[in-house]
2 protein chains.
Amino acid sequence: MSLFLHVVSVDEAVAAAERIAVPAGREEIPLSDACGRILAADVRSPADIPGFARSVVDGYAVVAADTTGASEAMPAMLACTGRIAMGRAEGRPVRPGECRYIPTGGVLPAGADAAAMIEYTERIGTEVLISRPVAPGENVIARGEDFAEGGVVLAAGRRITPRDMGVLAAAGCDTVTVAVPPKVGIISTGNELVPVGAVPGPGQVRDANGSLCAGFVRMHGGTPVAYGIVRDDRASLAAALERATAECDIVLLSGGSSKDDRDMCADTVASRGEVLVHGIAIAPGKPTIIGRADGRPVIGLPGHPASAFVVLHAIAAPLLRAVTGERHVPRPVSAVLGEPVPSARGRQDYVRVRLEDGKAFPVFGKSGLLNTLVQSDGLVVVPAGREGMEPGEAVEVLLW
Amino acid sequence: MSLFLHVVSVDEAVAAAERIAVPAGREEIPLSDACGRILAADVRSPADIPGFARSVVDGYAVVAADTTGASEAMPAMLACTGRIAMGRAEGRPVRPGECRYIPTGGVLPAGADAAAMIEYTERIGTEVLISRPVAPGENVIARGEDFAEGGVVLAAGRRITPRDMGVLAAAGCDTVTVAVPPKVGIISTGNELVPVGAVPGPGQVRDANGSLCAGFVRMHGGTPVAYGIVRDDRASLAAALERATAECDIVLLSGGSSKDDRDMCADTVASRGEVLVHGIAIAPGKPTIIGRADGRPVIGLPGHPASAFVVLHAIAAPLLRAVTGERHVPRPVSAVLGEPVPSARGRQDYVRVRLEDGKAFPVFGKSGLLNTLVQSDGLVVVPAGREGMEPGEAVEVLLW
């Protein structure tokens, strides 16, 4: 069966990929392993954080009203009633006319409502002169000011960043519930391919796309599973696909850059399920296949490395996000186009660009070349309705 | 010994941190583990890549001159002399007046110098009509066009990206020489701190900075080693520091947010080596310590989480890069300031900002609050010579 190449828009292709995504399971892991993982459930604060009003400066806990109008010429004079120790509750209240030494992070005692910075005080015996007024609440973090009890501190779908690690620690999460990283099987097809460790013979090239896909999967929250290189025949491909769908959550078929190979890929996917998309209005990357085999999402990538990489970003990334539940959408970088970009109306062009001083310069080159990928920093999307873009136009660059 | 807090500029502090960096060793690892690691040596292409001229389209290998002036009305007519198989050298040359079917990726035969796309051809028996002219080299990747033999394909100091994985595979690197990730010991000090799994008592808070530092180290190419919470006394801190410097390449001391704690940290570092910097003209983050203990770089971070995180980015990141040899400098994102930012002349302010539609909005809040970190996307640096910045000013945002 040869499938007709019915070209769909990028949006339709993404919708198809998202539709066949099977949400990942969840697992509980130690906080120390959580950085970079995707939160599978909202994290709520188990209590007010902090659990008490804290000073954010070294100085004196005071009743703010006592400092009204204080100046260097006319300082407020308060009786110092001791020193607050770190990590302990302070029993005795501070009364009007009194103050108490408080270190940064110390518990603000009852009665006090502000902290005066040590820099604006002078101690004379048991008296403290305060030369600047403080307002109620000044230099103090109120109880629950960071996170209130029961409030969502981090929402499900968030990719845990280093700063989130601090928040999770503060909220007492010594374990975290995250999405299980999807296993992504990678099959490279092509009679011209040899493994990375081999020396290519006449007409042969090493399998670059297998490693490209593995790196991409790892950076996008999945676990790559390599199935190596499969000869261009239906039986070999069907056997590899069967094994990959049995062991993995998603399968990437790479290459088959010629039309015959693409048809074979599509036929093989169709024989084990269905082909939903065969051809996307995207350049490079038009001959992409999206389908389902043995119930698993399968993406058939074009053979040219640059085309494959564009399709990984445009189609595989949303599929992976749909599986892991990640709500992160990569933030584009604003830039100004440095050179004109030609395009054809009716297809979405993904132009590789190099960024330099806020300008985006197109990296032209055949999509079979890896060096265009290395030289580029990301992609500029030329919308399907445009016939190209002019120098000086504002563009958004999706960083690789 | 109490050390005088002599405040230095951010540039001086970075230079001090880089000066005490000890370059990491190198190790050889399988390519499949290399994504995200730092290349420790230049990678050169062992041969021309590709090793032969390849077609980038499905079509016909031709002598370009035979197609000069070809059009739909007046196509060039060539004799088809067969079909090129993938992954094999093609022995027979193509002569003027001839063509041969070539799949994408096939070896361009001797004599042929271009490939005509199948879309602009028509086969009639053994003849092929070509309705568009092709120029010499058109639709062909020349031998060595991607990478020439002996040329540097990836330079030492590069953090290996997914697209670099493809390049390394093409260059035959089944192993890669990378920097050994530095072990970074993390010690949290403070009598008010309790571990993540504990419920804080009166006046106590959980140790957030330990996890913040661990996440940061992991995301910046190091291996965090947790030494837990140390009481605020010299003997405990000295013992922990001795253990950490014996086992790690770098030590981060976190907290001690009060002046007494900071002095104790500085004294303890000085007693095992030297304090190079005690105080940086940066806000937040002024009370930072940079020193060396038992020959290892030590950074004493401020206790406030947001301050600590700014210092990790401003000082610890360049130190880690100096150790691993990473030449990557984080690319700032251009934005327009959405609200005014006050600042004081003479110090470099790192303002947390939230990005929204290309505008950067300052996230104001006490540096003791974690929620200001979660709400922010990165930092805007207000140079030391400025007294603040106005809405509408162009700024560069360093993403967290």
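Just so we're clear, the structure is a prediction, and the values are computed from it rather than from any experiment. (Residues numbered from 1 in each chain as written. Chains lettered and ligands numbered in written order. Predicted model: local features only at pLDDT ≥ 70, side-chain atom pairs only at ≥ 80, totals over all residues. Heavy atoms only, no water.)

**Side note on the sheet that holds strand β7 (residues 114-117) of chain B**
All names here are of chain B.
And step 1. With mixed pairing, six strands are arranged side by side in an open sheet as β7-β4-β6-β5-β9-β8. In the strand order of this sheet, the two ends are held by β7 and β8 (121-124), each with one partner. Averaged over all pairs of adjacent strands, the angle between their axes in this sheet comes to 40 degrees, without regard to strand direction.
And step 2. Pairing between strand β5 (residues 76-83) and strand β9 (residues 127-130): four bridges, direction antiparallel. Considered in β9, the bridge of A76 is made with I130. (Pairing = 2+ DSSP bridges. Helix = DSSP H or I, 4+ residues; strand = E, 2+ residues; numbered from the N terminus. Axes fitted to C-alpha atoms, helices over the stretch in contact; angles between N-to-C directions.)

**Focus: the relation of the copies chain A and chain B**
And step 1. Under the fitted operation, chain A is carried onto chain B by 0.0 Å of movement along the axis and a turn of 180 degrees, and the coordinates agree to an RMSD of 0.1 Å. Within this description, the copies of the chain are treated as partners about a two-fold rotation axis.
And step 2. An overlap of 100% is found between the interface residues of chain A and their copies at the interface of chain B, pointing to a shared contact surface. (Least-squares fit on C-alpha atoms with pLDDT ≥ 70 in both. Contact = heavy atoms within 4.5 Å.)

**Section: the interface of chain A and chain B**
And step 1. Taken residue by residue, the interface counts 79 residues in chain A and 79 residues in chain B.
And step 2. Counting each side, the surface lost to burial between chain A and chain B is near 6200 Å², with a carbon and sulfur contribution of 62%.
And step 3. Inspection of the region where chain A meets chain B yields four salt bridges.
And step 4. Between E192 of chain A and R54 of chain B there is a salt bridge, with its nearest N and O atoms 3.8 Å apart.
And step 5. Connecting chain A to chain B are 18 residue pairs in polar contact (both at pLDDT 80 or more).
And step 6. At the level of elements, β10 (140-141), β11 (152-154), α2 (162-170), β15 (205-206), α3 (209-219), α5 (259-271), β22 (333-337) and α7 (371-375) of chain A are the ones that each hand at least two residues to the side of chain A that touches chain B.
And step 7. The biggest single contributor to the side of chain A that touches chain B is α2 of chain A, with eight residues.
And step 8. Partitioned by chemical class, the residues of the side of chain A that touches chain B number 39 nonpolar, 20 polar and 20 charged. (Buried area = accessible area lost by both parts, 1.4 Å probe. Salt bridge = Lys/Arg side-chain N within 4 Å of Asp/Glu carboxyl O. Polar contact = N/O pair within 3.5 Å; in protein donor to acceptor, adjacent residues only side chain to side chain. Nonpolar A, V, L, I, M, F, W, Y, C, P; charged D, E, K, R; others polar.)

**Comments concerning the domain arrangement of chain A**
And step 1. Examined at the domain level, chain A breaks down into domain 1 (10-24 + 181-324), domain 2 (26-47 + 153-179), domain 3 (54-141) and domain 4 (333-399).
And step 2. A separation of 66 Å is found between the C-alpha centroids of domain 1 of chain A and domain 3 of chain A. (Domains from an automatic or database assignment.)

**A short note on the sheet that holds strand β7 (residues 114-117) of chain A**
Residues and elements named next belong to chain A.
And step 1. Judged by pairing direction, the sheet is mixed, and its six strands sit side by side in the order β7-β4-β6-β5-β9-β8 without closing on themselves. In this open sheet, the two edge strands, each paired with only one partner strand, are β7 and β8 (121-124). The sheet shows a mean angle of 40 degrees between the axes of neighbouring strands, taken without regard to direction.
And step 2. Sheet analysis places strand β5 (residues 76-83) next to strand β6 (residues 98-102), joined by three bridges and oriented parallel. Counterpart to C80 in the pairing with β6 is C99.

**Brief notes about the state of the cysteines**
Residue and element names in this part refer to chain B.
And step 1. Inspection of the entire model under this criterion finds zero disulfides over all chains.
And step 2. Summary of cysteine pairing: C80 is not part of a disulfide, and the nearest cysteine sulfur, belonging to C99, is at 4.6 Å.
And step 3. Judged by relative accessible area, C80 falls into the buried class, the value being 13%.
And step 4. Look at C99 and you get buried, because its relative accessible area is 0%. (Disulfide = S-S within 2.5 Å. Buried < 20%, exposed > 50% of the residue type's maximum accessible area, 1.4 Å probe, protein only.)

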